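Architecture at a glance
The lines below spell out each chain.
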Amino acid sequence: MLPALESFGQEATGDDAVKANRLFCMNVGNGMCSDNYPTSTGKDYQSSSTFQPLEKLKKDFTLCTNLRKTGGHGGTMLAFAEYAASENPEHILDSVDEVAAARIGNDTRIRNLVVEQKNSVGISWKGGLAISPISNSQALFQTIFGKVDKNKRAELLALKKSVLDGTREEAKRLTNRVSKQDQVKLDEYFSSLRESEKSIQRAERWLSKKQVEVPFPENVKFDTQGSSDYLQKILTDKYFNERSTFLDLIFLAYKYDVTRVVNLYGEWNWTGHHTDSHQIQKKDGHIKNIEADQAYMMQTARFLDKLKSTKTETGGTLLDQTVCLITSSFSISKEEGPHGNKNISVIVAGGGFDHNKHIKFDGADNRSNIYLPALQHLGCEIDSFGNSTACAKL
């Protein structure tokens with residue numbers, strides 16, 4: 001596998017002011033308390049306390065609720081790769097981010113940036129294989145901004161290219177000497193070689209770019225004044241703050257056009273949130289789950305506001321150009337308990353959509369029905385994704 005090259009990119013230029021050309025996927029982890037979703041719908045809906053941190057950004061996102069997820073408890077990581085009613089990897093093809101990366105990821109040094117706090121594998125998939133994520137903030141920083149010896153990297157690229165050329169020629173010699181079944185295997189192999197060639201071409205382009213000095217982001221401190229003890233505990237938790245650092249680094253990666261596709265899975269068990277989700281039937285547990293969601297939305301608002309506040313050279317903003325899909329592993333409710341499959345929410349932010357509304361679906365739609373139009377909006381020529389049954393109107 002070609003190693004990641006950390007040569008750093010420059011500000012994006014030439015982007016259309018309103019054309020979406022970036023994707024951000026985020027699974028907030030354990031689950032969200034669906035009992036506290038807004039009850040009113042449409043353009044004039046009233047936010048609930050869960051989404052109050054996003055109130056100033058209301059015109060920049062659409063809240064989709066009453067969606068379904070598939071699979072059981074083992075589907076925690078598969079929020080963007082739901083292909084069947086089970087977690088069997090044999091059913092999984094490409095995740096949302098990988099479908100988008102095939103369309104918009106090849107013009108940047110990092111084709112698809114996959115980040116996860118739990119050292120787990122399974123949030124991002126390509127061709128039925130899970131992609132290993134980056135799970136440490138220092139490693140993420142080095143991947144995006146770390147300095148390299150360009151001469152040594154150039155030598156390594158030349159060697160990789162030579163090996164690739166030799167492998168291709170060897171495979172071509174076998175083409176007319178194998179069975180039809182092996183021909184299929186060779187076609188798949190040639191496809192993987194083409195992907196490797198594209199990776200080398202991206203690396204060669206970015207190797208000549210000037211590196212920019214970027215300091216490691218400072219620890220994010222949220223205003224805890226007036227917050228409950230539980231919410232204060234979350235907002236000062238080290239894992240929660242590491243996730244804020246991840247978001248800051250992702251923002252910078254978008255800003256300097258190092259990548260245009262990101263899939264982020266957040267740590268879900270800081271301060272015992274997972275344990276508290278099992279107390280949803282109790283009054284105290286119910287309140288704690290809502291407050292945990294508020295903390296997630298505070299982080300989300302901060303990230304989206306950074307995108308919105310960053311102008312591009314063509315007059316738009318990074319938020320205009322970034323389709324953001326934010327969901328959770330489960331629905332937490334008094335009806336279904338801590339691992340519910342009903343009333344799943346997806347926040348669709350930015351990307352130039354007509355926002356400022358709450359769409360409450362009828363409970364039959366999978367969230368893949370939301371991902372499909374989002375991918376089409378990015379130029380992906382597909383008519384279905386995962387277990388989609390329709391293309392939702394956003």
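Here's what I pulled together on the structure shown here. (Residues numbered from 1 in each chain as written. Predicted model: local features only at pLDDT ≥ 70, side-chain atom pairs only at ≥ 80, totals over all residues. Heavy atoms only, no water.)

Let's talk about the overall build of the protein
Along the backbone of the protein there are 10 helices and 12 strands. Here the contacts in the protein between residues at least 6 apart in sequence split such that 74% fall between residues at least 24 apart. When the accessible surface of the protein is split by element, carbon and sulfur atoms take 48% of a total near 17500 Å². (Helix = DSSP H or I, 4+ residues; strand = E, 2+ residues; numbered from the N terminus. Contact = heavy atoms within 4.5 Å. Areas by Shrake-Rupley, 256 points an atom, 1.4 Å probe, with all protein chains shown as cover.)

Considering the pairing of strand β10 (residues 337-340)
Pairing geometry for strand β9 (residues 331-333) and β10, over two bridges, is antiparallel. Bridge pairing in β10 links Ser333 to Gly337. Linkage of β9 to β10, two consecutive antiparallel strands, is achieved through a turn of three residues. (Pairing = 2+ DSSP bridges.)

Concerning the packing of aromatic side chains
Enumeration over the complete set of coordinates arrives at eight aromatic pairs. Look at Phe24 and Phe303: their rings are 4.5 Å apart centre to centre, the planes differ by 40°, and that puts the pair in the tilted class. Pair noted here: Phe24 is in strand β1 (residues 22-27) and Phe303 is in helix α8 (residues 283-309), with a separation of 279 residues, a long-range link. Linked through ring pairs, Phe80, Tyr83, Tyr371 and Phe385 together constitute an aromatic cluster. Note that Lys58 overlies the ring of Tyr45, its terminal NZ or CZ placed 4.3 Å from the centroid. (Phe/Tyr/Trp six-rings, centres within 6.5 Å; stacked < 30°, edge-to-face > 60°. Lys NZ or Arg CZ within 6 Å of the ring centre and 35° of its normal.)

Let's talk about empty space enclosed by the protein
Taken as a whole, this structure holds two cavities of 30 Å³ or more when the rule is applied. Here the second largest cavity is characterised by a volume of approximately 40 Å³. Counting residues per element, the ones that place at least two in the lining of the second largest cavity are α6 (238-255) and α8. A breakdown of the residues in the lining of the second largest cavity according to their chemical character gives four nonpolar, two polar and two charged. (1 Å grid on protein atoms, 1.4 Å probe; cavity = no way out; pocket = protein on both sides within 12 Å on 5 of 7 lines; lining within 4 Å. Points joined across faces, edges and corners; volume = space filled by probe spheres on them. Nonpolar A, V, L, I, M, F, W, Y, C, P; charged D, E, K, R; others polar.)

Comments concerning the side chain of Asp293
Its place among the elements puts Asp293 in helix α8. At 9.7 Å, Arg243 is the nearest oppositely charged side chain to Asp293, a buried residue that forms no salt bridge. Excluding residues that lie within four positions of it along the chain, Asp293 makes contacts with Gly31, Met32, Cys33 and Thr50. (Buried < 20%, exposed > 50% of the residue type's maximum accessible area, 1.4 Å probe, protein only. Lys, Arg positive; Asp, Glu negative; His and termini not counted. Salt bridge = Lys/Arg side-chain N within 4 Å of Asp/Glu carboxyl O.)

Some points on the nonpolar core
Generally speaking, a soluble globular protein has its nonpolar side chains buried in company with each other. Phe24, Leu54, Ile144, Phe303, Leu304, Leu307 and Ile347 are the most contacted members of the largest nonpolar core, which totals 44 residues. Considering every element that reaches this core, the biggest residue donor is α6, with eight residues. Formed by 36 residues, the second largest nonpolar core is a distinct cluster that contains Ile92, Ala101, Val261 and Leu375. (Core = buried A, V, L, I, M, F, W, Y, C linked by side-chain atoms within 4.5 Å.)

Looking at the sheet that holds strand β11 (residues 344-349)
The seven strands lie next to each other as β4-β7-β1-β8-β11-β3-β12, forming an open sheet whose pairing is mixed. The sheet terminates laterally at β4 (113-116) and β12 (357-360), the two strands that pair on one side only. On average, each strand axis in the sheet is tilted by 15° relative to the strand beside it, whichever way the strands run. Note: β1 against strand β8 (residues 322-327), six bridges, orientation parallel. Each residue of the ladder has a partner; that of Arg22, found in β8, is Thr322. In the packing of helix α10 (residues 368-377) onto the sheet, the strands contacted are β3 (61-67), β8 and β11, and the crossing angle to β8 comes to about 165°. (Axes fitted to C-alpha atoms, helices over the stretch in contact; angles between N-to-C directions.)

Details of the environment of Ser124
Tracing the backbone through its elements, the reader meets Ser124 in the loop between β4 and β5 (125-126). Not counting residues up to four positions away in its chain, the partners in contact with Ser124 are Ser95, Asp97, Glu98, Asn112, Val114, Leu129, Ala130, Ile131 and Asn263. Within polar-contact distance, the side chain of Ser124 engages the side chain of Asp97 at 2.5 Å. (Polar contact = N/O pair within 3.5 Å; in protein donor to acceptor, adjacent residues only side chain to side chain.)

Focus on unusual backbone geometry
Even without a glycine there, the phi angle at Asn66 is positive, about 60°. For Asn66, the position within the fold is in strand β3. Non-glycine residue Asp257 carries a positive phi angle of around 55°.

Let's talk about the state of the cysteines
Inspection of every chain in the model, using the stated rule, returns zero disulfides. The structure places no disulfide on Cys25, whose sulfur is separated from the nearest cysteine sulfur, that of Cys324, by 9.1 Å. (Disulfide = S-S within 2.5 Å.)

Considering α6
Taking 1.5 Å as the rise per residue, α6 with 18 residues should run 26 Å; its terminal C-alpha atoms sit 26 Å apart, in good agreement. Counting buried positions along α6 gives 15 out of 18 residues, so the element sits mostly inside the fold. At the N-terminal end of α6, a side-chain oxygen is found 2.9 Å from the backbone nitrogen of Tyr239, two or three residues along, and the residue is Asp237. One or two steps after α6, the chain reaches Asp257, where phi turns positive at roughly 55°. (Expected span 1.5 Å × (residues − 1).)

Re the pattern of salt bridges
Here the structure, examined in full by the defined rule, presents 11 salt bridges. Residues Asp354 and Lys43 are paired through a salt bridge, measuring 2.8 Å at the closest nitrogen-oxygen approach. Of the two residues, Asp354 is situated in the loop between β11 and β12 and Lys43 in the loop between β2 (32-33) and β3; the sequence distance between them amounts to 311 residues. For Lys126, the salt bridge identified is with Glu98, shortest N-O distance 3.9 Å.

Digging into the sheet that holds β2
Hydrogen bonds between backbone atoms are what pair the strands of a sheet, whose relative direction is either parallel or antiparallel. Read from one edge of the open sheet, three strands run β2-β9-β10, paired in mixed fashion. Whereas interior strands pair on both sides, the edge strands pair on one side only; in this sheet they are β2 and β10.

Structural notes on the environment of Lys308
If you trace the backbone, Lys308 turns up in helix α8. For Lys308, a relative accessible area of 33% translates into the label partly exposed. Placed 42 residues apart in sequence, Lys308 and Gly350 show a C-alpha to C-alpha distance of 8.4 Å. Here Lys308 is in contact with Leu57, Asp60, Thr317 and Leu319, once residues within four sequence places are set aside.

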